[in-house]
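# Understanding the architecture of this molecule
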Amino acid sequence: MQTPIYLDNHATTPMDPRVLEAMLPYLGARFGNAASRNHSFGWEAEEAVEKAREQVASLIGANKKEIVFTSGATESNNLAIKGVAEMYAERGNHIITAATEHKAVLDTCKRLEKHGCKVTYLPLKPDGLIDLDQLREAITDKTILVTIMYANNEIGVIQPVREIGAICKERGVLFHTDATQAVGKVPVNVIKDNVDLLSLSGHKMYGPKGVGALYVRRKSPRVQLTAQIDGGGHERGMRSGTLNVPGIVGLGKACELCQQEMEAEGKRLGGLRDKLMNRLTSELDEVFVNGSLEHRLPNNLNISFAYVEGESLLMGIHDIAVSSGSACTSATLEPSYVLKALGKGDDLAHSSIRFGLGRFTTEEEVDYAAESIIRIVNKLRELSPLYELVKEGVDLTKIEWAAH
Amino acid sequence: MAYSDKVLDHYNNPRNVGSLDKKDPYVGTGMVGAPECGDVMKLQVKVDPATGVIEEAKFKTFGCGSAIASSSLATEWLKGKSVDEALAIKNTDIVNELALPPVKIHCSVLAEDAIKAAIADYKAKSGVRDDAAVSA
């Protein structure tokens, strides 16, 4: 086993060697511009792009004509939300989203608010799921778009996408989902899930960075978007710019591999995740799993170690790459907004660690991580005045803290 | 972010971890910060009543590595100092010694506050210690 160990696969994933192999020719001799119609260089590039388009479409149950290549999920989210808001401005100006969305969605919505849109930010239930009744009530005759993520990047909770899509369909509202964390990890099908627009990214599924896609439904309803990048009219006019052929080839290959291996990989990672969780929760006290366990990505574990501050915990496990919901290094000192939206106190948000297991994670690595974390949490609790008080029977909520 | 060697040293080998008896009339306890802010420091000093010198200092800290290092360093500096000398310790001294970056300056401020709170507690207790009825 080599250290450091990478358990931060929600941030990014290593590229699968098979993906790199597929890409290499397009970084070398096959350098053509996919838009060149007059020679073989262009034709072979176009052929590679169209193969990848088919591979991406196949993974999500779409038609290849419904795939628009972008630079990644952030661009896809921007294009979907701003593109719909602009195109359907005459029909309405109301958008519904959720408090735990990725910043690529939230900040896009905030910008639209400055341009006259109204945005509803749905609250979350304590398990991280949205309340479908609240969604129904939030839809008005001005609502043009609902944008709710498929699976959350911090807590891995999977939203009831199919039901959300059905509600939107019934009410004649478009439904966009940021499926960056879900595609390639769990079965996603745009038809069954009633999705009109879907964002995905290459580097979250063992593909390259700098490439992603937006699914745009072509039939019932035919979704139209106002392009956000103007130019040569690539991608059926929705996203101009010379296609990133090697990246797109890599994205396609990554999708193909996920389609072949997702089921077995999901079972394996779910088993490893459960092992990690069971060790941490059985060998330590005052440990809390954040978000629904039932509706969750198989590779995610988000857990709070009460009375231990997240950043100090990360410092003690410097050979294990994970993320903390603590934001002690950020300028605002604000902990994770996702955990806060679940109603977790700031103290538990500061104490949280996110594990993202991946295709190349081994059982040995999981065991090593569990042992290291248990050792450091015990050490830091020896240091923790809060743990001491709790063990003395003091109720921390009854203390008047001098907030600073 | 990268930590300075001194922060890492205090984090890996914290000095003077532990608790003193809060009820001891010569022990001053300071607890500052708040759990929701991600930092709570408890710092205690035990003063020799004959000389007025701090003979023992202990801490426990919930917080980031810099907060742990700031309070660990503070206990090191407190030992052997008079109460008045202890009050002269400034957060900037801690920032300089540990090479704390700007986002971690609040950790040093908290440590200075903890020192002041512990000394204030000691003074309050020792001023009435003949009553023998004091408690923390």
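This text goes with the structure placed above it.
To keep things clear, this report deals only with the structure shown in the data block. (Residues numbered from 1 in each chain as written. Chains lettered and ligands numbered in written order. Predicted model: local features only at pLDDT ≥ 70, side-chain atom pairs only at ≥ 80, totals over all residues. Heavy atoms only, no water.)

Once that is clear, we can look at the environment of Gly343(A). Residue and element names in this part refer to chain A. Here Gly343 shows up in the loop between α9 (337–341) and α10 (346–350). What makes Gly343 exposed here is its relative accessible area of 61%. Along the chain, Gly343 and Asp127 lie 216 residues apart, while their C-alpha atoms are 9.4 Å from each other. (Helix = DSSP H or I, 4+ residues; strand = E, 2+ residues; numbered from the N terminus. Buried < 20%, exposed > 50% of the residue type's maximum accessible area, 1.4 Å probe, protein only.)

Accessible area lost during the coming together of the parts is what is often quoted as the interface size. Facing the 32 residues of chain B at the interface are 30 residues of chain A. Across the chain B/chain A interface, buried area totals approximately 2600 Å², and carbon plus sulfur atoms make up 67% of it. The interface formed by chain B and chain A contains 4 salt bridges. Of the charged contacts, one joins Glu311(A) and Lys104(B) as a salt bridge, the two residues approaching to 2.8 Å between their closest N and O atoms. Across the contact surface, chain B and chain A share 14 residue pairs in polar contact (both at pLDDT 80 or more). Every element with two or more residues in the side of chain B that touches chain A is listed here: α1 (5–12), β1 (27–34), β2 (39–48), β3 (53–62), α2 (65–78) and α5 (105–127) of chain B. (Contact = heavy atoms within 4.5 Å. Buried area = accessible area lost by both parts, 1.4 Å probe. Salt bridge = Lys/Arg side-chain N within 4 Å of Asp/Glu carboxyl O. Polar contact = N/O pair within 3.5 Å; in protein donor to acceptor, adjacent residues only side chain to side chain.)

Attention now goes to unusual backbone geometry. Residues and elements named next belong to chain A. For the peptide bond that leads from Thr3 to Pro4, omega is -5°, which places it in the cis range. The topology assignment puts Pro4 in the segment before β1 (5–6). The peptide bond linking Ser220 to Pro221 adopts the cis configuration, its omega dihedral lying at -5°. If you trace the backbone, Pro221 turns up in the loop between β8 (212–216) and α7 (245–283). In this structure, Glu286 takes a positive phi of about 55° despite not being glycine. Overall, Glu286 belongs to the partly exposed group, its relative accessible area being 27%. We note that Tyr307 has phi near 70°; this positive angle belongs to a residue other than glycine. Mapped onto the elements, Tyr307 comes out in the loop between β10 (300–305) and α8 (310–316).

Attention shifts here to the packing of aromatic side chains. What the rule picks out here adds up to 3 aromatic pairs over all chains. On the basis of an interplanar angle of 85° and a centroid distance of 5.9 Å, the ring pair of Tyr206(A) and Phe360(A) is categorised as edge-to-face. Taken together, the residues span a long stretch of sequence, with Tyr206(A) in the loop between β7 (197–201) and β8 and Phe360(A) in the loop between β13 (352–356) and α11 (363–383) at a distance of 154 residues. Taking the relative accessible area as the measure of exposure, Tyr206(A) reaches 1% and is therefore buried. Looking at Phe360(A), the relative accessible area reads 39%, which means it is partly exposed. Plain terms: the ring middles of Tyr307(A) and Tyr387(A) are 6.2 Å apart, the flat faces sit at 45° to each other, and that makes the pair tilted. Here Tyr307(A), found in the loop between β10 and α8, pairs with Tyr387(A), found in helix α12 (residues 385–391); they are 80 residues apart in sequence, far enough to count as distant. Under the relative-accessibility criterion, Tyr307(A) is labelled buried at 16%. One Lys or Arg, Lys103(A), reaches over the ring of Tyr337(A) and ends 4.3 Å from the middle of that ring. If you follow Lys379(A) out to its NZ or CZ, it ends over the ring of Tyr11(B), 4.9 Å from the centre. (Phe/Tyr/Trp six-rings, centres within 6.5 Å; stacked < 30°, edge-to-face > 60°. Lys NZ or Arg CZ within 6 Å of the ring centre and 35° of its normal.)

With that settled, consider the sheet that holds β1(B). All names here are of chain B. Spatially, β1-β2-β3 is the arrangement adopted by the 3 strands of the open sheet, whose pairing is antiparallel. Looking at which strands have only one partner, the edges of the open sheet turn out to be β1 and β3. Neighbour-to-neighbour, the strand axes of this sheet turn through a mean angle of 15°, independent of strand direction. Seen against the sheet, α2 touches β2 and β3 and runs at an angle of roughly 170° to β3. (Pairing = 2+ DSSP bridges. Axes fitted to C-alpha atoms, helices over the stretch in contact; angles between N-to-C directions.)

Turning next to the pattern of salt bridges. Within the structure shown, the criterion is met by 34 salt bridges over all chains. The partner of Arg18(A) in a salt bridge is Glu261(A), with the nearest N and O atoms 2.7 Å apart. Here the residue Arg18(A) occupies a position in helix α1 (residues 17–27), and Glu261(A) occupies one in helix α7, the gap between them amounting to 243 residues. Classification of Arg18(A) as partly exposed rests on a relative accessible area of 33%. The class for Glu261(A) is partly exposed, based on a relative accessible area of 22%. A salt bridge links Lys46(B) to Asp24(B), with the shortest nitrogen-to-oxygen separation between them at 3.2 Å. Highlighted residues: Lys46(B) in strand β2 and Asp24(B) in the loop between α1 and β1, separated in sequence by 22 residues. Owing to a relative accessible area of 16%, Asp24(B) belongs among the buried residues under this scheme. Within this structure, Lys275(A), Arg279(A), Glu283(A), Glu363(A), Asp367(A) and Glu371(A) form a network of salt bridges that share partners.

Moving on, we get to the pairing of strand β3 (residues 94–98) of chain A. Residue and element names in this part refer to chain A. Judged by how many residues are buried, β3 sits mostly within the fold: 5 of 5 residues are covered. Side chains His94, Ile96 and Ala98 project from β3 onto one buried face, and the interleaved Ile95 and Thr97 project onto a second face that is buried too. Sheet topology places β3 next to strand β4 (residues 118–122); 5 bridges connect them, and they run parallel. Residue pairing in the sheet places Thr97 in a bridge with Tyr121 of β4. After leaving β3, the chain enters helix α4 (residues 103–114) and then returns to the sheet as β4, a path that is right-handed. Pairing analysis gives 3 bridges linking β3 to strand β5 (residues 143–147), with the strands arranged parallel. Across the sheet, residue His94 finds its bridge partner in β5, namely Thr143. (Right-handed = clockwise from strand over helix to strand, strands pointing away.)

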